[in-house]
Amino acid sequence: MTFLELCQRTAQYSGTIDGTAPTAVTAQVGRLAILVNLVASAWNMVQLEHINDWRWLRSGFTYASLTPGTARYMPTSLGIASRFAKFVTEEKSLSIYETSIGVSDEHELEWIDYPRWRRTYDRGTQVNARPRQISISPTEELCFGQVPDLAYTVKGEYMKAPQALAANGDTPECPAAYHEIVVWKALVLLEQGDGPGADL
């Protein structure tokens, strides 16, 4: 279902709106504006409730030019331009290879916690070499250890930030079977708004 169809289904199930309204998700006022906003919020909440589990929020990246002598990389520095939420830190989820050799040189990177990375690779004099370990800083930097000595290629995965619904034809990225969950969540939010003392 599209964003508009989700809104129409929610309106139909609510039993409080006649006809096929809304006919658009923009330029609505009153109760219809509230309903459209609640459907958008419901989709956001569904995504956030299980952000670590939803496979459709998982994406990959390949970055081919680590900078020799630089250990820390923000997501944007790795070519992740938008909708970044966090790196996937499962064991063996990141790998590295010497770009000039290619994927035949690919090896997995070992995850270590950030305090250990700082103790090992962020103090004293460091000797640049092929990274074998990786960590994440509190500001979501990928931190390589050892500090890269060449322009290696790194591959990994990250979780995308929630998708926003804004236009009539926007469709949730999840499988279609999950669309009714969005409608149900929107109905719950609508009912809560219609509770005692509500001014809808």
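Computed from a prediction, not measured in an experiment: that's the story for all the values here. (Residues numbered from 1 in each chain as written. Predicted model: local features only at pLDDT ≥ 70, side-chain atom pairs only at ≥ 80, totals over all residues. Heavy atoms only, no water.)

A. The arrangement of the packing of helix α1 (residues 3-14) against helix α2 (residues 30-49) in detail. As a packed pair, α1 and α2 sit with axes 10 Å apart at the nearest point and diverge in direction by 115°. In terms of axis orientation, α1 runs roughly perpendicular to α2. Viewed along their axes, α1 and α2 form a crossing whose handedness is right-handed. Of the residues in α2, those in contact with F3, L6, C7, T10 and A11 of α1 are L35, V36, V39 and A40. Across the contact of α1 with α2, the residue classes tally to eight nonpolar, one polar and no charged. (Axes fitted to C-alpha atoms, helices over the stretch in contact; angles between N-to-C directions. Helix = DSSP H or I, 4+ residues; strand = E, 2+ residues; numbered from the N terminus. Parallel < 35°, antiparallel > 145°, perpendicular 65-115°, else oblique. Left-handed = near helix turned anticlockwise from the far one by under 90°. Contact = heavy atoms within 4.5 Å. Nonpolar A, V, L, I, M, F, W, Y, C, P; charged D, E, K, R; others polar.)

B. Up close: the side chain of T10. Examined against the element boundaries, T10 turns out to sit in helix α1. When its relative accessible area of 1% is taken as the criterion, T10 is described as buried. Among the polar contacts listed, one links the side chain of T10 to the backbone oxygen of L6, at a separation of 2.8 Å. If sequence neighbours within four positions are ignored, T10 has contacts with L35, V39, V183, A186 and L187. (Buried < 20%, exposed > 50% of the residue type's maximum accessible area, 1.4 Å probe, protein only. Polar contact = N/O pair within 3.5 Å; in protein donor to acceptor, adjacent residues only side chain to side chain.)

C. Highlighting the environment of A151. Tracing the chain through its elements places A151 in the loop between β8 (142-145) and β9 (153-160). Linking A151 and T139, residues twelve residues apart in sequence, is a C-alpha distance of 23 Å. Those residues in contact with A151 that lie beyond four places of it in its chain are A64, S65, L66, P68 and T99.

D. Up close: a nonpolar patch on the surface. The grouping of Y178, I181 and W184 at the surface amounts to a nonpolar patch, some 300 Å² of accessible area in total. Along the polypeptide, W184 turns up in helix α4 (residues 179-193). The class for W184 is exposed, based on a relative accessible area of 52%. (Patch = residues over 30% accessible without salt bridge, like charges linked within 9 Å, V, L, I, M, F, W, Y side chains within 5 Å. Areas by Shrake-Rupley, 256 points an atom, 1.4 Å probe, with all protein chains shown as cover. Salt bridge = Lys/Arg side-chain N within 4 Å of Asp/Glu carboxyl O.)

E. Main features of helix α3 (residues 114-121). The set of residues buried in α3 consists of Y114, W117 and Y121. The buried side chains of α3 occupy one side of the element, clustering within an arc of 60° when seen end-on. Check the buried side of α3 and you find it contacts β2 (72-73), β7 (133-136) and β8. (Arc of directions from axis to C-beta.)

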